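Examination of the molecular architecture
The chain contents come next:
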Amino acid sequence: MCIYKNKNHTTVERVKDLLSKMTFEEKVAQLGAQWLILDESGNHQERELEMSNNSANRTVKEKLMHGLGQIARPLGTHTVGAKKGVIALNKLQKYLVEETRLGIPAIPHEECLVGLMAQGGTLYPSSLNYGHTWNPELIEKVAEDIGRQARAVGAKQGLAPVLDVSRDVRWGRTEETLAEDPYLVGMMATSYVKGLQGKDRDFMATLKHYVGHSASEGARNHAPVNLGFRELNDTFLLPFEMAVKLGNAGSVMPAYHDIDGEPCHSSNYLMTEILRNQWGFDGLIVADYGGIELLSEHHATAEDRVDAAAQAFNAGLDMELPDDACTTYIAQAIERGLINQEKIDEIVSRILSVKFELGLFENPYTPVPTESLHNEISEQLAYQVASESIVLLKNDGLLPLAESCKVALLGATADDPLALLGGYSFPVHLILSGHDSTERVAKSIKEAFEERMSVIDYQKGCDILTERHGGAPVFPGDVDMAIAQNTLSPVSKDTSHIESATSSIQGADVAVVCVGDLAGLFQTGTIGEGSDADSLDLPGVQQQLLDAALDSGKPVVVLVTGGRPYCLGRAEDEAAAIVYGWAPGQRGADAIADVLTGVINPSGKLTISIPKNVGAVPYFYNHKLKSAGTPIAFHFGSRFNFGFGLSYTSFDYSNSTLVKSDYDFDESVTISVDITNTGHRAGAEIVQLYARDKVCSVVRPVKELKGFKKLYLEPGETKTVLFSLPIDMLSFTDFSYQRVVEGGEFDLMLGRSSQEIEARHTIKVKPGKKALPKEWEMVCEVFVK
């Protein structure tokens, strides 16, 4: 038996043996992927690639004959059940294992940000909902379930989580972000990675989009990012560093944009120097779909695809996804002297190492599923995340609604289950391919309300979109089409049904007006990848509907769903209540209805601030004093800041205690506070710890989150929350681009939100400066007693 086929040998020995047997063509084949429509009988078909403008010039058999690095989304983006999908996948693996010369299996990957993106997978709430729970333990359980479902269909890698730190909520991918705070993003994403991968890392999470994707010019998809390294490191790289070091993430995906003129897909500094050399990352770096070819076709930093491939792989990239559009030019790159054989061997060795460690050589085939992907645990988790992520922004006492309350239900999102889903959920993603989007994939808000209360009338009032279809000219490869486009926006401007819709309010006790957006990639919706906004007004004529409801004189509850916050105009002053449900997934309607009727006490708190006006963006709470947060104009700033959220009960903060005031560099600060539920029902409070460097050699934010804890309390119950904050976490990137702690005074603030500070303390760190080691302390431990 060959050494590489014998599991009793070490991975290093097996890789060395296999690499020595491989031809150049077999090595190159490992660098790429194929995105095919798989068939149970083995008659696999070409897929018309969205990301490429090149027609296929090789048969499927020719593409597979030397082996394959990855299989792109074998069940995603087309409607195939788990059983048939696994049989087809096994057929492809069988060809690779038994009919290619060396029998190297491929790594199948799927999208799994908001659940496995395949037919029958759980439609979990959006990533934005994950963040608003402030509950890392819950998100780890969700990721465990997503990982179970992904493994069941044969996937070995999931293209999640997203670690982009929100900076401008006009950005369409805001719905994929967790928060505007890097520490919160890092903690939540690390929990997701741990849950998805499992203790043995037999499945790879993929951190994306590396890095700074959310700081693009004008919040536009793929737009350049103009950041200095200190800001990049302290805000955008930090969550990635946490997920690599604390979560042992198996894969990283570079972003499409350039940073100060350097594309991420060709950045040796980001992919090799920082990720591998400084952080010790040992996994695979995989291209975002079409990302390599953009070096020549968009960025124009490469002469052609030959040059693009050489640049990317020399910089540290390991695999091209979703196909081999540029990998096929590696031989030409070697002939031109742009890349050498030693670099190819280095990359292939990493790929083979991962395949051995994933157990693919011993277990290349997946058992055909006999049970549904979605089960009772999935159902419960989907409901819990939706429930814990709902944010009550305003309540004049109207909520919770009484069972006898007569409700007039209005709005474009009230009877549309797709309005409850994120862009990377399976039904929404299918719209892009022209599939029917009318199937009832989940319970609507209207259906959930009718089960719980007296809905005397439902009126849609208006549409958000006049039609939903694929083919929008904003794909990464469609430059000519985008320049020449003359298409009109499908956002509806029809107000003709508003008057008749609001007439029903007169017979009701309260009007619940459901507003928001529709997820859809590349302009198939109003939020999502490539669906960026030029305004924070509600899409279409929804504000007119909301204003008409307010004119009725009856109490109005505004229910906002979708992937970004909106400015609600006069409703922010006049509405009786405002509730944000975000994109709460397939159990979202039940969760929303249970919050509004008091079955669930809302506990979500904002992880993205809601700007007062589009003129205030980019706005985020952890700004510099002279930036977007400075209220020098009435429309600047935020009425609803990071960390804010109401409850049906009340909490009192008392007895805040600091153990001591003076610290050395290697110590941790111990600070505690008592929290008491002073209301009449059980609830959860999210206790937040912030810090501010009072004097520093570089400009620092006005405050930064350093710790948090979601705390559950019965009426009258008191618990003590104790934070252990390492002095390391008061660090920043200095002028020499090192992470350091400078001695001096720091304000520590305990509060219920970034603006509602209940206790303040000042500590002193001894004079001098400490450069932090590779394994610096980056987590604030929190204890409850």
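The chain has the name Glycoside hydrolase family 3 N-terminal domain-containing protein in an unreviewed UniProt entry, where Vibrio algarum is given as its organism.

When you tally the buried positions in helix α21 (residues 588-596), you get nine out of nine residues, the bulk of the element. For α21, every residue scored as buried is listed here: Gly588, Ala589, Asp590, Ala591, Ile592, Ala593, Asp594, Val595 and Leu596. Those residues of α21 that are buried lie in contact with α14 (376-389), α16 (445-452), β15 (510-516), β16 (556-561) and β17 (577-582). Once α21 ends, the next one or two residues include Gly598, with phi positive near 90°.

Taken together, the seven strands give an open sheet; going across it, the order is β1-β4-β5-β6-β7-β8-β11, and neighbouring strands pair in parallel fashion. Lying at the two open borders of the sheet, with one neighbouring strand each, are β1 (33-34) and β11 (284-285). By the bridge criterion, two bridges tie strand β8 (residues 251-254) to β11 in an arrangement that is parallel. Among the inter-strand pairings, Ser251 is bridged to a residue of β11, identified as Leu284.

Here, UniProt's "domain: Fibronectin type III-like" (unreviewed entry) annotation points to residues 685-754. The span residues 685-754 shows a helical share of 0% and a strand share of 61%, and its end C-alpha atoms are spaced 14 Å apart.

In this structure, Tyr130, Tyr210 and Ile763 are the most contacted members of the largest nonpolar core, which totals 162 residues. When near neighbours in sequence (up to four residues on either side) are disregarded, Ile763 contacts Leu658, Lys660, Ser661, Tyr663, Val669, Ile727, Leu730, Gly744, Glu745, Phe746 and Leu748. Formed by 39 residues, the second largest nonpolar core is a distinct cluster that contains Leu393, Leu545, Ala549 and Ala571.

A separate point is the packing of α16 against α21. Their axes nearest at 8 Å, the elements α16 and α21 cross at an angle of 45°. The orientation of α16 relative to α21 falls into the category oblique. Crossing of α16 against α21: the hand is right-handed. Between α16 and α21, the contacting residues are Ile445, Ala448, Phe449, Glu451 and Arg452 on the first element and Ala589, Asp590, Ile592, Ala593, Asp594 and Leu596 on the second. Here the residues of the contact of α16 with α21 are counted per class, giving seven nonpolar, no polar and four charged.

As a further point, take the pairing of strand β28 (residues 757-771). Pairing analysis gives two bridges linking strand β21 (residues 662-663) to β28, with the strands arranged parallel. From the neighbouring strand, Asp662 faces β28, where its bridge partner is Lys764. Hairpin connection from strand β27 (residues 739-751) to β28: five residues lie between these consecutive antiparallel strands.

With that settled, consider the packing of aromatic side chains. Counted under the stated rule, the structure contains 15 aromatic pairs. Centre to centre, the rings of Trp134 and Phe708 are 5.5 Å apart; their planes meet at 80°, and the pair counts as edge-to-face. Placement of the pair is Trp134 in the loop between α5 (127-133) and α6 (136-152) and Phe708 in strand β24 (residues 704-713), with a sequence separation of 574 residues. An identical accessibility class is assigned to Trp134 and Phe708; each is buried. A ring pair is formed by Phe229 and Tyr737, whose centres lie 5.5 Å apart and whose planes are at 90°; its orientation type is edge-to-face. Of the two residues, Phe229 is situated in helix α8 (residues 229-245) and Tyr737 in the loop between β26 (732-733) and β27; the sequence distance between them amounts to 508 residues.

Evaluation of the coordinates by the stated rule reveals 52 salt bridges. The salt bridge partner of Asp17 is Lys21, with a shortest N-O separation of 2.6 Å. Placement of the pair is Asp17 and Lys21 together in helix α1 (residues 11-21), with a separation of four residues, close to one helical turn. Residue classification places Asp17 among the buried positions, given a relative accessible area of 12%. For Lys21, a relative accessible area of 30% puts it in the partly exposed group. As a salt-bridge pair, Glu111 and Arg73 come within 3.8 Å of each other at their nearest N and O atoms. With Glu111 in the loop between β5 (107-110) and α5 and Arg73 in the loop between β4 (70-72) and α4 (82-99), this residue pair connects regions lying 38 residues apart in the sequence. With relative accessibility at 5%, the residue Glu111 sits in the buried group. The exposure class of Arg73 is buried, given its relative accessible area of 4%.

Below, the discussion takes up the environment of His298. Mapped onto the elements, His298 comes out in the loop between α10 (294-297) and α11 (305-315). Residue classification places His298 among the partly exposed residues on the basis of a relative accessible area of 33%.

Another point: the pairing of strand β22 (residues 668-677). In terms of residue burial, β22 counts as a mostly covered element, since eight of its 10 residues are buried. Alignment of strand β20 (residues 651-658) against β22, held across six bridges, turns out to be antiparallel. In the strand pairing of β22, Ser654 is matched with Asp674. Bridge count for β22 against strand β25 (residues 718-726) is nine bridges, and the pairing is antiparallel. Looking at the pairing, Val669 lines up with Leu725 of β25.

About the criteria used
- Residues numbered from 1 in each chain as written.
- Predicted model: local features only at pLDDT ≥ 70, side-chain atom pairs only at ≥ 80, totals over all residues.
- Heavy atoms only, no water.
- Buried < 20%, exposed > 50% of the residue type's maximum accessible area, 1.4 Å probe, protein only.
- Helix = DSSP H or I, 4+ residues; strand = E, 2+ residues; numbered from the N terminus.
- Contact = heavy atoms within 4.5 Å.
- Pairing = 2+ DSSP bridges.
- UniProt positions renumbered as here; feature names shortened; annotations may be inferred.
- Core = buried A, V, L, I, M, F, W, Y, C linked by side-chain atoms within 4.5 Å.
- Axes fitted to C-alpha atoms, helices over the stretch in contact; angles between N-to-C directions.
- Parallel < 35°, antiparallel > 145°, perpendicular 65-115°, else oblique.
- Left-handed = near helix turned anticlockwise from the far one by under 90°.
- Nonpolar A, V, L, I, M, F, W, Y, C, P; charged D, E, K, R; others polar.
- Phe/Tyr/Trp six-rings, centres within 6.5 Å; stacked < 30°, edge-to-face > 60°.
- Salt bridge = Lys/Arg side-chain N within 4 Å of Asp/Glu carboxyl O.

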